[in-house]
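Report on the structure
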Amino acid sequence: MQDISIIIGRYIITMNEKEEIIENGAVVVEKGIIREIGKGNEILDKYKNLAVHIYGDENSAVMPGFINSHTHAAMVLFRGIADDLPLKVWLTEHIWPKESKFLSQEFVFDGTCLACLEMLKSGTTTFNDMYFFTDSIASAVKKMRIGAVIGQGILDFPTPSGKNADEYLKKAQDFAEKYKNDPLVIPAVAPHAIYTCSKETLLKSKELALKNNIPVHIHLSETFQEVEDCIKKNGKRPVVYLNEIGFFEGKITAAHAVWLNDEEIDIMAEREIGVAHCIESNLKLSSGIAPIARLVKKRVRVGMGTDGAASNNNLDILEEISIAAKIQKGITADPTVLNVKTCMKMLTIWPARALGIDKERGSIESGKRADLVVMNLNKPHLQPIYDIYSTIIYSAKSSDIEDVFVNGVPVIVKGKHQFCDEDEIINKANWWAERIKS
Ligand SMILES: [Zn+2]
């Protein structure tokens, strides 16, 4: 592996504090870290006597790697298995029975490899996962060379990966210790939801996260039913309930956050809770539409999530943001909400802040990890360019992404994974599908 890489682009979209875009710029990467950013000709001149590897060209846009704020990666193996159903029927009659039959270390490893391949090719360099068999997720992440925040799922009921909450919590603690200083894996704890975890389990999860200084990942107010059930059971709405029991401490990402009233939005802003907006999953399961424009106005850290591919049905974060922007404009009757710059923040620096990883990720700045995406702009549907943010958010497709760097390593080059056999991963997924079908 070369020591120094220089990535050049017509636009370097930094997403730094000043929101700088460097035209005809270059990014210098050394040992996984961004060393400097500047004008392309000056950088090329400065390094001309050194053996460097050059990526990108005068038709490229270079941007921070995208962050997928909420997914269940291994569920790609259930992609398309049960569509057009409400969440409850989908979960209880299809997904949970299939999971109880097929969930295993091998299933999670093979599924996560496929998901990582799909995410890398569509520009995601870090994903926030919630699932089981976390060691298998971590092995897949290392094989595929992507970054991941891996949350051990916590439930009050048994699955093939554990008997009860205490066993899941023990696994979470072991995982947190094992991957404390890993370059690709950040351990997390993921109490599934308020309707699958008791108050005691929720609080134990939070304590475990605080003790280990790791993020918390939970599903919250995904459906109207969840809110109604919570009011019936606890006499209050979900966000108020979690706030009052003392759950909201530390680095928390709440997935979905569809059904929020103004009081709940204020609580989330005050408690600095991150939100993973999963518009396609919410639309497909008819869960509702999250009040993202209102959350953004209150400065809540909103990121985009795909949710699992079983309810999406892909892990394409660029597709997700484009739909999210248009839906918010539609439901608010205000075309100014979720402008293109806000959308770019929702893919990069905001979810990094919610996850507590913004010191290393989420923007192109010297000293940060070199998680980078290079897009080829020399395509009919991307020309002409008046505003590069607009080109990326509204016109680009993930197939326009050519090179993807994780930790400075060029993992995807010209659209191909450099370290794995893509056909083998796809064949493995089909092998699982044959077993699941029969
Ligand atoms: Zn989910």
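A short tour of the structure in this document, coming up. (Residues numbered from 1 in each chain as written. Predicted model: local features only at pLDDT ≥ 70, side-chain atom pairs only at ≥ 80, totals over all residues. Heavy atoms only, no water.)

**Here we look at the state of the cysteines**
Counted by the stated rule, this structure contains 0 disulfides. Cys-197 carries a free sulfur, and the closest cysteine sulfur to it, the one in Cys-230, is 13 Å from it. Under the relative-accessibility criterion, Cys-197 is labelled buried at 3%. The thiol of Cys-278 is unpaired, and the distance to the nearest cysteine sulfur, on Cys-343, comes to 15 Å. (Disulfide = S-S within 2.5 Å. Buried < 20%, exposed > 50% of the residue type's maximum accessible area, 1.4 Å probe, protein only.)

**Concerning the coordination of the zinc ion**
Donor atoms from the polypeptide that bind the zinc ion are His-70 (NE2), His-72 (NE2), His-219 (NE2) and Asp-307 (OD), placed at 2.1 to 2.3 Å. Considering all 4 donor atoms around the zinc ion, angles at the metal cover 86 to 173° and the coordination shape is irregular. We note that the donor set of the zinc ion lies within a single chain, spaced as H-x1-H-x146-H-x87-D. Of this pair, His-70 sits in strand S6 (residues 66-71) while His-219 sits in strand S10 (residues 216-220), placing them 149 residues apart in sequence. (Donors = N, O, S within 2.8 Å, 3.2 Å for Na, K, Ca; no water. Tetrahedral: all angles 85-135°; square planar, octahedral: opposite > 155°, others 65-115°. Helix = DSSP H or I, 4+ residues; strand = E, 2+ residues; numbered from the N terminus.)

**So, the nonpolar core**
Core analysis: the largest hydrophobic core is formed by 124 residues, its most contacted members being Ile-13, Phe-107, Tyr-131, Val-141, Leu-242 and Ile-392. It is helix H3 (residues 105-121) that provides the largest number of residues to this core, a total of 9 residues. Shared between two domains, this core takes at least three residues from each, and those domains are domain 1 (4-64 + 370-417) and domain 2 (73-355). The contact partners of Val-141, leaving out residues within four places of it in the chain, are Cys-116, Phe-127, Ile-146, Ala-148, Ile-150, Leu-184 and Val-185. Counting residues in each nonpolar core, the second largest holds 13 residues, with Ile-7, Val-29, Val-62 and Ile-364 among its members. (Core = buried A, V, L, I, M, F, W, Y, C linked by side-chain atoms within 4.5 Å. Domains from an automatic or database assignment. Contact = heavy atoms within 4.5 Å.)

So far we have only geometry, and geometry alone does not tell us how the molecule works.
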